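An overview of the molecular structure
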Number of protein chains: 2
Amino acid sequence: MEENTKRILLVEDDPNFGTVLKEYLTIHNYDVVLAKNGMEGYEKFKKSDFHLCILDVMMPYKDGFTLAQEIREKDKDVPIIFLTAKALKEDVLKGYKVGADDYLNKPFDSEVLLLKIQAIIQRKNVESVADSKQFEFEIGSFKLNSKLRFLTHNGDTQIKLSPKENELLRLLALHINDLMPREIALTKIWRDDNYFTSRSMDVYIAKLRKYLKLDPKVEILNIHGEGFRLVINP
Amino acid sequence: MEENTKRILLVEDDPNFGTVLKEYLTIHNYDVVLAKNGMEGYEKFKKSDFHLCILDVMMPYKDGFTLAQEIREKDKDVPIIFLTAKALKEDVLKGYKVGADDYLNKPFDSEVLLLKIQAIIQRKNVESVADSKQFEFEIGSFKLNSKLRFLTHNGDTQIKLSPKENELLRLLALHINDLMPREIALTKIWRDDNYFTSRSMDVYIAKLRKYLKLDPKVEILNIHGEGFRLVINP
DNA sequence: GTTACTTTTAACGAATTATTAACCAAAGTG
DNA sequence: CACTTTGGTTAATAATTCGTTAAAAGTAAC
């Protein structure tokens, strides 16, 4: 899958409608994960990192609003679109209260959904450009340029970083001296939290440690069962 | 009037439909100028500066396509949306040929129009950031004239560039020392991002590297999976 | 038509990257 | 301590991306 493909979590209990909609969005170049109910939706949300959630409101066991609230607890920025059969005003209000970005009444014009998705993702994109503009980090006597993916030591040695090395070091640098939970690194970078991705991450930690050896003050510490800490010693 | 309000030229011969649509767009915070026919539309276009034109296709004396062509001569970038009652394929083709950005069949959902307006203006916004009219560049000991398509080294050797070589080098020069994402070069120059255009681009990178060998300080570096960087070493 | 030029496609090798296995060390647990 | 889980590290493998040259296909001028 391409790097820049936007990832959408679609939670819809009607299997026919769900798969059709998933296919439609896939054709239009989105990476769609389909969940058949609120439970499954939440599990899938926790294990990965999405740019947008499309939630059916009427679902058995756990309705869309409840799911939206749970999602909001984990991520207070991810855009949410609700799908609903009826156009009840109180529902719309309830939706906006849990932070809906938009609302669509079924049956809806698929083109409208597509345009709304575009608009929402674009909007978030513009916003995030402003705050995630930070791509230069000081790490002891190192400098990380995470846009051009290299690490310089004292201005002379230049170490090229692979995408994963780069993202991981950037994440550690963002939380410098603080704990970077394994779980978060995995969902953000690997988009899946399982045994293998976890071991893969350990391999990358080893690689980063090798690079960072040039400055003995800089260390990546492990916190058993929790995650890692990038620390700068005095 | 607000600073950031987008200006729309609306050309529509049906006075009822025209005023209703104008009001609708005005409510949604656009600054709308309404023209009742192609003649008037062209006059109003010349006299002001618009972010978007919405043209009815079927108009007496001067139809939307003819008007679009005249507008294109004056401004080759302004987005154009056509409104049409019939969905004739040849019309759509004709429209895209004169550079239509989108197409809407009457009667249409006003929300769709609004979303399309948003999307188009946003897109142009993003594109225009990088797209200056600059055509002369210093690249180490080279000079690129991208209007006349040649590259000179120290003023003596003159290398003629093919259109693609020229556009690619210009794009790299616009982002000098910075990343030029592959994806962007492909959509801007090749207008399509697929395996073959991507390989074609690699061929052109090789050609440019051969030209640029005359100055060892000038390099085109690859950032694996991301794109290229034109760098000038000290 | 021919010619000169431009662009795409093929082909093959090289480099880069991510994953997985393997084996051992360290930390936590009863 | 015996045992389980978690982490550290290296190396092998697989997959993708890139560099380069050359041939083929396409275009435009003559």
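Look above for the structure.
Reading the values: the criteria
- Residues numbered from 1 in each chain as written.
- Chains lettered and ligands numbered in written order.
- Predicted model: local features only at pLDDT ≥ 70, side-chain atom pairs only at ≥ 80, totals over all residues.
- Heavy atoms only, no water.
- Helix = DSSP H or I, 4+ residues; strand = E, 2+ residues; numbered from the N terminus.
- Buried < 20%, exposed > 50% of the residue type's maximum accessible area, 1.4 Å probe, protein only.
- Contact = heavy atoms within 4.5 Å.
- Areas by Shrake-Rupley, 256 points an atom, 1.4 Å probe, with all protein chains shown as cover.
- Lys, Arg positive; Asp, Glu negative; His and termini not counted.
- Charge placed at Lys NZ, Arg CZ, Asp CG, Glu CD.
- Near = heavy atom within 4 Å.
- Polar contact = N/O pair within 3.5 Å; in protein donor to acceptor, adjacent residues only side chain to side chain.
- Nonpolar A, V, L, I, M, F, W, Y, C, P; charged D, E, K, R; others polar.
- Axes fitted to C-alpha atoms, helices over the stretch in contact; angles between N-to-C directions.
- Parallel < 35°, antiparallel > 145°, perpendicular 65-115°, else oblique.
- 1 Å grid on protein atoms, 1.4 Å probe; cavity = no way out; pocket = protein on both sides within 12 Å on 5 of 7 lines; lining within 4 Å.
- Points joined across faces, edges and corners; volume = space filled by probe spheres on them.

What to know about the overall build of chain A
Within chain A, the regular secondary structure consists of eight helices and 12 strands. Seen through its principal axes, chain A has C-alpha atoms that stretch 65 × 35 × 30 Å. Buried residues in chain A amount to 44% of all 234 residues. The contacts in chain A between residues at least 6 apart in sequence include a share of 54% that link residues at least 24 apart. Summed over all atoms, the accessible surface of chain A reaches about 12500 Å², with 52% contributed by carbon and sulfur. Across chain A, the 36 positively charged side chains and the 37 negatively charged ones have centroids separated by 4 Å.

Some details on the protein's contact with DNA strand D
Neighbouring DNA strand D are 21 residues, the closest being A:Arg199, B:Arg182, B:Arg199, B:Arg209 and B:Gly225. Here the atoms of DNA strand D within 4 Å of the protein split so that 64% fall in sugar or phosphate, with bases taking the remainder. Contact distances for DNA strand D include 2.9 Å between a phosphate oxygen and a side-chain N or O atom of A:Arg209. Within the contact set of DNA strand D, a phosphate oxygen lies 2.9 Å away from a side-chain nitrogen or oxygen of B:Arg182. Listed by contribution, the elements that provide at least two residues to the surface near DNA strand D are α8 (195-212) of chain A together with α8 (195-212) of chain B. Its residues assigned to classes, the surface near DNA strand D comprises five nonpolar, six polar and 10 charged.

Section: the packing of helix α7 (residues 182-190) of chain B against α8(B)
Helix-helix packing: each pair is described by the crossing angle between the helix axes and the interaxial distance. Residue and element names in this part refer to chain B. In the contact formed by α7 and α8, the axes pass within 10 Å of each other and the chain directions differ by 95°. For the element pair α7 / α8, the angle class is roughly perpendicular. Packed against α7, whose contacting residues are Arg182, Ala185, Leu186 and Trp190, the element α8 presents Thr197, Ser198, Ser200, Met201, Asp202 and Tyr204 at the interface. Grouping the amino acids of the contact of α7 with α8 by side-chain chemistry returns five nonpolar, three polar and two charged.

Here's the deal with the layout of surface pockets
In this structure, the second largest pocket occupies an estimated 240 Å³ of space. Every residue lining the second largest pocket is listed: A:Leu148, A:Arg149, A:Phe150, A:Gln158, A:Lys160, A:Leu161, B:Leu221, B:Asn222, B:Ile223, B:His224 and B:Arg229. Element by element, the count of residues in the lining of the second largest pocket is highest for strand β11 (residues 218-223) of chain B, at three residues. Of the residues in the lining of the second largest pocket, the class split is five nonpolar, three polar and three charged.

A look at the side chain of A:Asp101
Residues and elements named next belong to chain A. As for its position among the elements, Asp101 is in the loop between α4 (89-97) and β5 (102-105). The exposure class assigned to Asp101 is buried, which follows from its relative accessible area of 18%. Those residues in contact with Asp101 that lie beyond four places of it in its chain are Arg72, Val78, Pro79, Ile80, Tyr96, Ile120, Arg123 and Lys124.

Considerations on the protein's contact with DNA strand C
By nearness alone, 24 residues border DNA strand C, and A:Ser162, A:Trp190, A:Tyr204, B:Ser162 and B:Trp190 come closest of all. Among atoms of DNA strand C positioned within 4 Å of the protein, sugar and phosphate together represent 79%. Between DNA strand C and the protein, one listed contact pairs a phosphate oxygen with a side-chain N or O atom of A:Tyr204 at 2.7 Å. When residues of the surface near DNA strand C are traced back to their parent elements, those giving at least two are α6 (163-174) and α8 of chain A together with α6 (163-174) and α8 of chain B. Here the surface near DNA strand C takes six residues from α8(B), the largest share from any one element. Tallied by class, the residues present in the surface near DNA strand C amount to 10 nonpolar, six polar and eight charged.

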